[in-house]
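Listed below, chain by chain, are the residues.
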Amino acid sequence: MSAIQASSVQATYERMKVLLHNVVPDVELQIKAELVYEINRLKIEKNAIILGHNYMEPALFHTIPDFVGDSLALSRMAAQTDKDIIVFCGVEFMAETAKILNPNKTVLIPAPSVGCSLASSITAQDVRDLKAQFPGVPVVTYINTYADVKAECDICCTSGNAVAVVESLGSDTIIFIPDEYLAKNVAQETGKRIIIPSMQKNGATSNIQLTEPGTYDFIGWHGRCEVHEKFTVQDIQAVRAQFPLVEILAHPECSPEVVSASDFSGSTTAMIRRVETSQAPQFLLLTECAMGDNIIAANPDKEMLRLCSVRCPHMNQITLEDTLDALRFNRYEVTVPEDIRIRAARSVERMIAIG
Ligand code: 13P
Ligand code: SF4
């Protein structure tokens, strides 16, 4: 996939019509074509690259990013680019990862505080407390964390490579933070027993309370994705009762019960690939629902069911309007203190080296 390169607003609109006619009404395409044309023109003028996460809305996803993908693919792309400016259409921890890998480039995110419930579920001090309780145990952090947390860890992982990262460590015991459900799903896949300790504050430091001392290999954390935790086994049963042949795909940030009741689980890109290759008559994605629209735009022959009352309020902050302003006004610049960046880069680069 690549951004629309057209010589005029009209030509941009014509191209958008081909790409998006089955998901975006014409009246909207006409308005958005002006934004898309101007963004793609400015991007070349400023020697910028736009990276877009799979959750971006279709009129953005299919028109302005030079590269789209899941967190892993976008990290890899961020590590390779030779452009001066990276505009990250995603959430802050993703843009921060691009900055960690590119200290000499300008990294912009189109909205000023684009959070993530997983990234805000753990602090660098929490990780130091965990390490003090389990000295010498390697720490894997999901990429959905901020730079200061990555700096305390040994290696990052994404939903696309978590099993490979865990297996690369060859360690009997692993601290895996901060997503409780991803940790449980990976533990299940790698045959590990997991415990989610509770923390008790004793003044400045914390004590870990183990509910089952001695019977664990994975030490998790209690972070949850505010989107994926909402899907339930009852949702799955209700949809299957109505559409018996539906194929249900769950992101591994869903609970292990939901993942087990689904037909497939994988990263956002793995889910897209699965829909593209499966012959099922209908699909239901248990993830941010913009992704269903993006798949349908590219695969009009597929039928997609949607549970769109569950949305990511953070990803949805990124718009074409704000992306244009990001390029026009060089905002909002992502910065990471150099001492933290250097230590966080070790965790990210070690993950990328795994392949
Ligand atoms: P992916 O790495 O699978 O794209 O997931 C990122 C994310 O934030 C899912 O909620
Ligand atoms: Fe974070 Fe969940 Fe939104 Fe992904 S969907 S960015 S994990 S809050």
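On a predicted model such as this, the values are computed, not experimentally measured, just so you know. (Residues numbered from 1 in each chain as written. Chains lettered and ligands numbered in written order. Predicted model: local features only at pLDDT ≥ 70, side-chain atom pairs only at ≥ 80, totals over all residues. Heavy atoms only, no water.)

Asks: Looking at this model, I keep getting lost on the overall build of the protein chain. Mind explaining?
Replies: Across its full length, the protein chain holds 15 helices and 15 strands. In terms of overall size, the protein chain behaves like a compact globule, its C-alpha atoms giving a radius of gyration of 21 Å where 355 residues would be expected to give roughly 20 Å. Taking the principal axes of its C-alpha atoms as reference, the protein chain extends roughly 65 × 55 × 35 Å. Going through the 355 residues of the protein chain one by one, you find that 56% of them count as buried. Considering only intrachain contacts with a sequence separation of at least 6, the fraction spanning at least 24 residues in the protein chain is 65%. Entry remark: accessible area of the protein chain is about 14,400 Å², with carbon and sulfur atoms responsible for 49%. Placing the 31 positive and 44 negative side-chain charges of the protein chain at their respective mean positions leaves the two points 3 Å apart. (Helix = DSSP H or I, 4+ residues; strand = E, 2+ residues; numbered from the N terminus. Rg over C-alpha atoms; globule rule 2.2 N^0.38 Å. Buried < 20%, exposed > 50% of the residue type's maximum accessible area, 1.4 Å probe, protein only. Contact = heavy atoms within 4.5 Å. Areas by Shrake-Rupley, 256 points an atom, 1.4 Å probe, with all protein chains shown as cover. Lys, Arg positive; Asp, Glu negative; His and termini not counted. Charge placed at Lys NZ, Arg CZ, Asp CG, Glu CD.)

Asks: Is there a simple way to explain the sheet that holds strand β4 (residues 106-108) in this structure?
Replies: Two orientations exist for strands paired in a sheet by backbone hydrogen bonds: parallel and antiparallel. One open sheet holds the four strands; their spatial order is β2-β1-β3-β4, and the pairing between them is parallel. Whereas interior strands pair on both sides, the edge strands pair on one side only; in this sheet they are β2 (67-69) and β4. Averaged over all adjacent pairs, the angle separating strand axes in this sheet is 20°, with direction ignored. Most of the contacts of helix α4 (residues 71-80) go to β2, to which it runs at about 150°, and overall it touches β1 (48-53), β2 and β3 (85-89). (Pairing = 2+ DSSP bridges. Axes fitted to C-alpha atoms, helices over the stretch in contact; angles between N-to-C directions.)

Asks: Help me out: how do you make sense of the site of ligand 2 in this one?
Replies: Surveying the vicinity of ligand 2 reveals the residues Tyr55, Cys116, Ser117, Leu118, Asn144, Cys225, Val227, Glu253, Cys312, His314 and Met315. More than half of the atoms of ligand 2 fall within 2 Å of the grid points belonging to the largest cavity. Residue classes in the shell around ligand 2 are distributed as seven nonpolar, three polar and one charged. (Near = heavy atom within 4 Å. 1 Å grid on protein atoms, 1.4 Å probe; cavity = no way out; pocket = protein on both sides within 12 Å on 5 of 7 lines; lining within 4 Å. Sits in = over half its atoms within 2 Å of the grid points. Nonpolar A, V, L, I, M, F, W, Y, C, P; charged D, E, K, R; others polar.)

Asks: Sorry if this is basic, but what is going on with empty space enclosed by the protein here?
Replies: Where empty space is left becomes clear once a probe the size of a water molecule has been rolled over the atoms. Inspection of the entire model under this criterion finds three cavities of 30 Å³ or more. Approximately 270 Å³ is the volume found for the largest cavity. Secondary structure elements with two or more residues in the lining of the largest cavity: α4 and α5 (92-101). Here the lining of the largest cavity is built from residues that sort into 13 nonpolar, 11 polar and four charged. (Points joined across faces, edges and corners; volume = space filled by probe spheres on them.)

Asks: Could you clarify how one ought to interpret the sheet that holds strand β5 (residues 139-142) in this entry?
Replies: With respect to topology, five strands assemble into an open sheet ordered β6-β5-β7-β11-β8, the strand pairing being parallel. With partners counted over all chains shown, the strands left at the sheet margins are β6 (155-157) and β8 (194-195), one partner each. Summarising the sheet, β5 and strand β7 (residues 174-177) pair through three bridges and their orientation is parallel. Opposite threonine 141, over in β7, you have isoleucine 177 as the bridge partner.

Asks: I'm lost on the nonpolar core in this one. Help?
Replies: When a protein is soluble and globular, its nonpolar side chains tend to lie buried together. The biggest cluster of nonpolar side chains holds 106 residues, and the ones touching the most others in it are Phe176 and Leu286. In contact with leucine 286, other than residues within four places in its own chain, are His228, Phe231, Ile236, Ile248, Leu249, Ala250, His251, Cys254, Val258, Ser262, Met271 and Leu307. Counting 14 residues, the second largest nonpolar core, distinct from the first, contains Ile122, Cys153, Ile195 and Tyr216. (Core = buried A, V, L, I, M, F, W, Y, C linked by side-chain atoms within 4.5 Å.)

Asks: Where do I start with the site of ligand 1 in this structure?
Replies: The environment of ligand 1 is made up of His53, Tyr55, Asp70, Ser71, Asn144, Ser159, His228, His251, Glu253, Ser267 and Thr268. At 2.7 Å, a side-chain N or O of histidine 53 approaches an oxygen atom of ligand 1. Take threonine 268: an N or O atom from its side chain is 2.6 Å from an oxygen atom of ligand 1. Protein contacts shield 95% of the accessible area of ligand 1, which totals 300 Å² for the unbound molecule. Judged by the fraction of its atoms near the pocket grid, ligand 1 is located in the largest cavity. In the shell around ligand 1, the residues fall into one nonpolar, eight polar and two charged. (Polar contact = N/O pair within 3.5 Å; in protein donor to acceptor, adjacent residues only side chain to side chain.)

Asks: Would you take a moment to explain the pattern of salt bridges for this structure?
Replies: Side-chain pairs of opposite charge can arise whenever the charged atoms involved come near each other. What the rule picks out here adds up to 20 salt bridges. One salt bridge in this structure joins glutamate 38 and arginine 41, with 2.8 Å as the shortest N-O distance. One end of the pair, glutamate 38, and the other, arginine 41, are both in helix α2 (residues 26-45), three residues apart, so they sit about a helical turn from each other. Exposure remark for arginine 41: the relative accessible area of 34% places this residue in the partly exposed category. (Salt bridge = Lys/Arg side-chain N within 4 Å of Asp/Glu carboxyl O.)

Asks: Got a minute to help me understand the packing of aromatic side chains in this structure?
Replies: Each aromatic ring pair is described using two quantities: the centre-to-centre distance and the angle formed by the ring planes. Across all of its chains, the model carries two aromatic pairs by this definition. Both rings, one in phenylalanine 134 and one in tyrosine 216, keep their centres 6.3 Å apart while their planes meet at 80°; by these two values the pair is edge-to-face. Here the residue phenylalanine 134 occupies a position in the loop between α6 (124-133) and β5, and tyrosine 216 occupies one in the loop between β10 (205-209) and β11 (218-219), the gap between them amounting to 82 residues. We note that phenylalanine 134, like tyrosine 216, is buried. (Phe/Tyr/Trp six-rings, centres within 6.5 Å; stacked < 30°, edge-to-face > 60°.)

Asks: When you look at the state of the cysteines in this model, what are you seeing that I'm missing?
Replies: Considering all chains together, one arrives at one disulfide under this definition. The disulfide bridge from cysteine 289 ends at cysteine 308, spanning 2.0 Å between sulfur atoms. Classification of the bridge connecting cysteine 289 and cysteine 308 rests on its S-S torsion, roughly 110°, and on that basis the disulfide is right-handed. Here the residue cysteine 289 occupies a position in the loop between β14 (283-286) and α13 (290-298), and cysteine 308 occupies one in the loop between β15 (304-305) and α14 (320-329), the gap between them amounting to 19 residues. Take cysteine 156: it sits in no disulfide, and the sulfur closest to it among the cysteines is that of cysteine 153, at 7.1 Å. (Disulfide = S-S within 2.5 Å.)

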